[in-house]
Amino acid sequence: QHPMPCGLQVLHLKLEPKISWRGLGEMVLRRLFASVSENFRFQEAGHHAVNGNTSEAWPIVRRLRERSPNDVTYIILEGDLFLFEKRPDRALDLYRLAERSLRDRQSTDQETKFLLAYAGFRRQAAKYMIRGREFPEWRRFAAAINKMEASNFVKRVFRLPDGTQN
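Predicted, not measured: the structure shown is a model, and the values here were computed from it.

1. Details of the packing of helix α6 (residues 110-131) against helix α7 (residues 138-146)
For the pair α6 and α7, the least separation of the axes is 10 Å and the interaxial angle reads 160°. One way to sum up the angle between α6 and α7 is to call them roughly antiparallel. Crossing geometry of α6 relative to α7 is assigned as left-handed. Residues Phe114, Ala117, Tyr118 and Phe121 of α6 form the contact with α7, whose participating residues are Trp138, Phe141, Ala142 and Ile145. Among the residues forming the contact of α6 with α7, the class breakdown is 8 nonpolar, no polar and no charged.

And the structure:
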């Protein structure tokens, strides 16, 4: 008999005739491991991207996008890779896709607001790059976006350069 967390005891009693605890536990652990693994890979790809190692980030981002093609954070990170490689046309398409997806959520939570602001900032940067110009007052906008509330998980990857050390 495998030990069982207290919160699952009632669930176990109801499901015991239908499935074994071992099977349920393995399924939960597989899903948990997959989620933790994807989160780690996302953070790793973001680290490579912001440090200019896009060739290290690409295989990770491709795998993440294959597994979860509609995940907005993966879409934005792919856009960042294109932007960092001076391919703003493709980046622009991805930032627009991310913004549409975020607006379709019709959510007003802090994370969504942050991601919308970040994607919007990067979209503008891509537009200016296409024109061969610098995004005016980008430091001021970047600093304001960096101060917005969002999870550390997202902010570690999507931190805009703004001339400050934080």
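2. Some points on the side chain of Arg65
Residue position: Arg65 is located in helix α3 (residues 54-67). Overall, the relative accessible area of 17% leaves Arg65 in the buried class. A polar side-chain atom of Arg65 sits 2.7 Å from a polar atom in the side chain of Glu78. Residue contacts for Arg65: discarding those within four places in its chain leaves Tyr74, Ile75, Glu78 and Leu94.

3. Focus on the environment of Leu115
Turning to its location among the elements, Leu115 is positioned in helix α6. Between the C-alpha atom of Leu115 and that of Val154, which follows or precedes it by 39 residues, the distance is 8.5 Å. Once you skip the residues sitting within four places of it in the chain, Leu115 turns out to touch Thr73, Ile76, Leu102, Val154 and Phe158.

4. A few points about the nonpolar core
Generally speaking, a soluble globular protein has its nonpolar side chains buried in company with each other. Counting residues in hydrophobic clusters, the biggest one holds 39 residues, and the most contacted among them are Phe42, Ile76, Leu77, Phe114, Leu115, Phe121 and Phe158. Of all the elements in the fold, those that place two or more residues in this core are α2 (21-50), α3, α4 (72-84), α5 (88-105), α6, α7 and α8 (152-157). Discounting chain neighbours no more than four positions away, the residues touching Phe114 are Ile145, Met148, Glu149, Ala150, Val154, Lys155 and Phe158.

5. Let's talk about the layout of surface pockets
For the largest pocket, the calculated volume is near 410 Å³. Contributing to the lining of the largest pocket are 16 residues, with Phe121, Arg122, Ala125, Trp138 and Pro161 lying nearest its centre. The set of elements that each furnish at least two residues to the lining of the largest pocket consists of α4 and α6. With 5 residues, the top contributor of residues to the lining of the largest pocket is α6. Looking at the lining of the largest pocket residue by residue, the class counts come to 11 nonpolar, no polar and 5 charged.

6. Some remarks on the packing of aromatic side chains
Per the counting criterion, the structure on display carries 9 aromatic pairs. Each ring, one from Trp58 and one from Phe82, has its centre 4.9 Å from the other, and the planes form 70°; the classification is edge-to-face. You can see Trp58 sitting in helix α3 and its partner Phe82 sitting in helix α4, a full 24 residues away along the chain. Exposure remark for Trp58: the relative accessible area of 7% places this residue in the buried category. Look at Phe135 and Phe141: their rings are 5.8 Å apart centre to centre, the planes differ by 15°, and that puts the pair in the stacked class. Accessibility expressed as a relative area gives 13% for Phe135, which makes it buried. Put simply, the rings of Phe42, Tyr74, Phe114, Tyr118, Phe153 and Phe158 touch in pairs and so form one group of aromatic residues.

Rules of the game
Residues numbered from 1 in each chain as written. Predicted model: local features only at pLDDT ≥ 70, side-chain atom pairs only at ≥ 80, totals over all residues. Heavy atoms only, no water. Axes fitted to C-alpha atoms, helices over the stretch in contact; angles between N-to-C directions. Helix = DSSP H or I, 4+ residues; strand = E, 2+ residues; numbered from the N terminus. Parallel < 35°, antiparallel > 145°, perpendicular 65-115°, else oblique. Left-handed = near helix turned anticlockwise from the far one by under 90°. Contact = heavy atoms within 4.5 Å. Nonpolar A, V, L, I, M, F, W, Y, C, P; charged D, E, K, R; others polar. Buried < 20%, exposed > 50% of the residue type's maximum accessible area, 1.4 Å probe, protein only. Polar contact = N/O pair within 3.5 Å; in protein donor to acceptor, adjacent residues only side chain to side chain. Core = buried A, V, L, I, M, F, W, Y, C linked by side-chain atoms within 4.5 Å. 1 Å grid on protein atoms, 1.4 Å probe; cavity = no way out; pocket = protein on both sides within 12 Å on 5 of 7 lines; lining within 4 Å. Points joined across faces, edges and corners; volume = space filled by probe spheres on them. Phe/Tyr/Trp six-rings, centres within 6.5 Å; stacked < 30°, edge-to-face > 60°.

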